[in-house]
Amino acid sequence: MAMGRVLLCSLLLLSLQRGLSRGPGARGALVAEEELRGTQRTQLGARLRRALASPCQLWSLPLPVAELGLGYASEETVIFRYCAGSCPRGARTQHGLTLARLRGQGRAHGGPCCRPTRYADVAFLDDRHRWQRLPQLSAAACSCGA
């Protein structure tokens, strides 16, 4: 589970570096890490704030299969869908009420998380002309959870 969160965070940062955080399916140019100085670093910070300030929603990112980091050799591009955005801190469950109270006392940290509630499989043709199916690679629906 922690590895999945790390992968999602990495992909979110990658999309922000590419300028893809303007909305689901938007496209932008690649921004190299060395170029993130001065104005560009400020712009990236603004994009991150906008993405985190938007409501929890499904985002799409076209990725070459090699960039998935799963060891597959393919020149194909797949659509990776992930969840990102802010979640209200309103307590809707007993768990949420208790967590809000503990956060108020400084005994618990964090808040509701934007996360996938359903997943979709992704398939692609590898360099050896074999179909590869990756179960539950992309998010299919998102929701906030405490």
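Since the structure is predicted, the reported quantities are computational estimates derived from the model, not experimental observations.

> Looking at this model, I keep getting lost on the packing of aromatic side chains. Mind explaining?
To describe a pair of aromatic rings, one takes the distance between the centres and the angle between the planes. For the coordinates displayed, the defined rule picks out two aromatic pairs. Ring centres of Tyr72 and Phe124 lie 5.4 Å apart, and the angle between their planes is 85°; on these two criteria the pair is classed as edge-to-face. Of the two residues, Tyr72 is situated in the loop between β1 (57-64) and β2 (77-84) and Phe124 in strand β3 (residues 113-125); the sequence distance between them amounts to 52 residues. With a centroid separation of 6.1 Å and 20° between ring planes, the pair formed by Phe80 and Tyr82 is classed as stacked. When its relative accessible area of 2% is taken as the criterion, Tyr82 is described as buried.

> Sorry, what's going on with the state of the cysteines here?
Counted according to the given criterion, the structure contains three disulfides. In this model Cys87 forms its disulfide with Cys144; the gap between the sulfur atoms is 2.2 Å. Handedness of the Cys87-Cys144 disulfide follows from its S-S torsion of about -85°: it is left-handed. With a gap of 57 residues between them, Cys87 in the loop between β2 and α3 (94-104) and Cys144 in strand β4 (residues 131-145) connect regions that are remote in the sequence.

> What exactly am I supposed to notice about the pairing of β3 here?
The side chains of a regular strand alternate, first on one face of the sheet and then on the other. Inspection of the sheet shows β3 paired to β4 by 11 bridges, in the antiparallel sense. Its bridge partner lying in β4, Arg115 is registered against Ser143. Hairpin connection of β3 to β4: five residues between the antiparallel strands, including His129 at a positive phi of 60°.

> So what exactly am I meant to see when it comes to the environment of Val78 here?
Locating Val78 in the fold gives a position in strand β2. For Val78, a relative accessible area of 6% translates into the label buried. Separated by 13 residues in sequence, Val78 and Val65 have C-alpha atoms that sit 6.4 Å apart. Sequence-distant contacts of Val78, defined by excluding residues within four places in its chain, comprise Leu61, Pro62, Leu63, Val65, Leu68, Val122, Ala123 and Phe124.

> So what exactly am I meant to see when it comes to the pattern of salt bridges here?
Close approach of charged atoms allows side chains with opposite charge to pair. Counted by the stated rule, this structure contains two salt bridges. Across the salt bridge formed by Asp121 and Arg133, the nearest N and O atoms sit 2.5 Å from each other. Here the residue Asp121 occupies a position in strand β3, and Arg133 occupies one in strand β4, the gap between them amounting to 12 residues. Classification of Asp121 by relative accessible area gives partly exposed; the value is 39%. Under the relative-accessibility criterion, Arg133 is labelled exposed at 53%. With a closest N to O distance of 3.5 Å, Arg130 and Asp126 form a salt bridge.

> Just checking my understanding: could you explain the side chain of Ser60 for this structure?
With respect to the helices, strands and loops of the structure, Ser60 is situated in strand β1. Among the residues examined, Ser60 registers a relative accessible area of 18% and is labelled buried. Among the polar contacts listed, one links the side chain of Ser60 to the side chain of Arg81, at a separation of 3.4 Å.

Analysis parameters
Residues numbered from 1 in each chain as written. Predicted model: local features only at pLDDT ≥ 70, side-chain atom pairs only at ≥ 80, totals over all residues. Heavy atoms only, no water. Phe/Tyr/Trp six-rings, centres within 6.5 Å; stacked < 30°, edge-to-face > 60°. Helix = DSSP H or I, 4+ residues; strand = E, 2+ residues; numbered from the N terminus. Buried < 20%, exposed > 50% of the residue type's maximum accessible area, 1.4 Å probe, protein only. Disulfide = S-S within 2.5 Å. Pairing = 2+ DSSP bridges. Contact = heavy atoms within 4.5 Å. Salt bridge = Lys/Arg side-chain N within 4 Å of Asp/Glu carboxyl O. Polar contact = N/O pair within 3.5 Å; in protein donor to acceptor, adjacent residues only side chain to side chain.

It is worth stressing that arrangement in space is one thing and function is another; only the former is reported here.
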